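So the chains spell out like this:
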Amino acid sequence: MAGNTKFVLLFLLLSSSSPCFGIEQDIRCLKSVQGSLADPGGVLRSWDFENETNGFICRFTGVECWHPDENKILSLRLGNLGLEGQFPVALQNCSSLTGLDLSNNNFLGPIPQDISWVMPYLTSLDLSYNSFSGSIPHNISNMTYLNVLNLQHNQLSGQIPPQFTLLTRLIGFNVADNLLSGPIPSSLQNFSASNFAGNQGLCGAPLDDCPPSRRRWRPVRISMHRLNDQSSIGVAVGFVVGFVVAFYFPHLFVCSERLRAYVVRI
Amino acid sequence: GFGSGLRAEEIEADGRRAKSCAPNLRLCRKKAWPLRGVECAAAAAAVGSRAAAMGAPPWAIWALLLLHQAARVLANTEGDALHSLRTNLNDPNNVLQSWDPTLVNPCTWFHVTCNNDNSVIRVDLGNAALFGTLVPQLGQLKNLQYLELYSNNITGTIPSELGNLTNLISLDLYLNNFTGPIPDSLGNLLKLRFLRLNNNSLSGTIPKSLTAITALQVLDLSNNKLSGEVPSTGSFSLFTPISFGNNPALCGPGTSKPCPGAPPFSPPPYNPPTPEQSP
């Protein structure tokens, strides 16, 4: 019992102490990001790691630090730089990162499924206007400090994770112009409908209601579908034929001597 | 500008002296050289004569003289306030050597920046090896925007008078030895964007009044001895455990401890990914 108590105490002690926010790590983080992305505009190339002084990375383009003379990165604003490549998972080393803006670039590939492990403390994530594909990671629901999540104009498919109800601090949310489908989590219903527009089958508030159960309706929908398109042509043809037979053939019967026997006198 | 560059000979030649020169002399700094009294008179005379030359009515001349003197008095108040600070600080590196209290205003002092009206807007004393305590008179720097006192060995409490600095954009007291509470009055600093008090020995709770500062972008209260609940409303919805780390007695969202008496807060703390989620 004493051993268990010690273990519990040790566990509590360790869990209450803050994680180590290493500062040398942030330099490594930026170097890796610089190396992992194609940079036709040369902005990342301007990051010069030659003379390492206190806070030298704080002067890099796109880098904002917690304190001006300490190499601890608060946010990275790398929008509109013509960057190419996959999502830079090297950002994992920027352990104090709270803001990430990669918008308006040429990123492609998936958003990492374990993104909340890579950057757990993000308050603002903007990946809009890129070519990210695959599904929205469920894992994002663990990033509970998110205030703004902008995924507009990518090629993301699948559903909006229902666990997004856990994102209680969200004041900005946009997934317009993707390939998303399925129900919109109820916690997001107060966002404008335009923030969900341009997808493949998103339903639920603020958009139109979702059908009660999609599987049962499908066969009926198909038959009604047939009734709507090809059946209407058949109906029209039938009507014309019936009209012709009803009015032309009796004339034949009446006027033709051979068929006269078959005519029933009313 | 007025009051500078007028020498004794010019005053004799000026002839006319403003009638209210004697009271103006009282407004001048007591510690000033004798010549400063003459400067005041000369300035008053210069203002009065220029106004008269432009055909201004007498009441306008007195108003101008009064305003002129008032402006000079305000500048002196700010110099006095900073001089009080200097008196309270030990300065082994002599960074405050240029802080000459006999000057008209502190705007020529190193590490002090003024605006076009000769009012102090910046005090930059980061990394200056200063010891000692702050003074309440700092609250008199009405136009102060940046108060940079980080990385020193300053002790004592944060004066609540800092809450009067309603134009403050940045308050950096981090990496010092401040003790005592974070004053509630800091909630009055509605233009504050940067509040960095980390790495001190501050105690007590985090004032809820800070959540009303909507301009707040960067908050760092880490590495202190703060206690109680971490606010998460208002501007504090932007702040993460990084802002509050290493304050063992803090509880609530943003820490690993729920506050006593409260239900377990939601959302649950972060858990490492399960094997199927990792790539």
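Details of the structure are given in the entry above.
Residues numbered from 1 in each chain as written. Chains lettered and ligands numbered in written order. Predicted model: local features only at pLDDT ≥ 70, side-chain atom pairs only at ≥ 80, totals over all residues. Heavy atoms only, no water.

## Focus on the side chain of Thr123 of chain A
The residue Thr123 of chain A is located in the loop between helix 3 (115-118) and strand 6 (124-126) in this model. Exposure remark for Thr123 of chain A: the relative accessible area of 7% places this residue in the buried category. (Helix = DSSP H or I, 4+ residues; strand = E, 2+ residues; numbered from the N terminus. Buried < 20%, exposed > 50% of the residue type's maximum accessible area, 1.4 Å probe, protein only.)

## Structural notes on the side chain of Ser116 of chain A
Take Ser116 of chain A: it is sitting in helix 3. At a separation of 2.3 Å, a polar atom in the side chain of Ser116 of chain A contacts the side chain of Asn139 of chain A. (Polar contact = N/O pair within 3.5 Å; in protein donor to acceptor, adjacent residues only side chain to side chain.)

## Observations regarding the interface of chain B and chain A
With 28 residues of chain B in contact, the opposing surface of chain A contributes 27 residues. For the pair chain B and chain A, the interface holds eight residue pairs in polar contact (both at pLDDT 80 or more). Those elements that place two or more of their residues in the side of chain B that touches chain A are strand 11 (218-220) and helix 5 (241-244) of chain B. For the side of chain B that touches chain A, a count of residues per class yields 15 nonpolar, eleven polar and two charged. (Contact = heavy atoms within 4.5 Å. Nonpolar A, V, L, I, M, F, W, Y, C, P; charged D, E, K, R; others polar.)

## Structural notes on the state of the cysteines
All names here are of chain A. For the structure shown, the criterion picks out five disulfides over all chains. Across the disulfide, Cys58 is cross-linked to Cys65 (sulfur-sulfur distance 2.1 Å). Residues Cys58 and Cys65 are joined by a disulfide whose S-S torsion is about -95 degrees; by sign, that bridge is left-handed. The burial state of Cys58 is the same as that of Cys65; both residues are buried. Note that Cys203 is cross-linked by a disulfide to Cys210, the S-S spacing being 1.9 Å. (Disulfide = S-S within 2.5 Å.)

## Notes on the pairing of strand 11 (residues 179-183) of chain A
Along a regular strand, successive side chains alternate from one face of the sheet to the other. Residue and element names in this part refer to chain A. Here strand 9 (residues 155-158) pairs with strand 11 via two bridges, running parallel. Each bridged residue has a counterpart across the sheet, and for Gly158 the counterpart in strand 11 is Leu180. Bridge count between strand 11 and strand 12 (residues 201-203): three bridges; the pairing is parallel. Across the sheet, residue Ser181 finds its bridge partner in strand 12, namely Gly201. (Pairing = 2+ DSSP bridges.)

## Focus on the sheet that holds strand 2 (residues 73-77) of chain A
Residues and elements named next belong to chain A. Here six strands make up an open sheet; going across it, the order is 1-2-4-6-8-10 and the pairing mixed. The outermost strands of the open sheet, each flanked by one partner alone, are strand 1 (63-65) and strand 10 (172-174). Between one strand axis and the next, the sheet turns by 15 degrees as a mean value, whatever way the strands run. (Axes fitted to C-alpha atoms, helices over the stretch in contact; angles between N-to-C directions.)

Any functional reading would require information beyond the geometric quantities listed.
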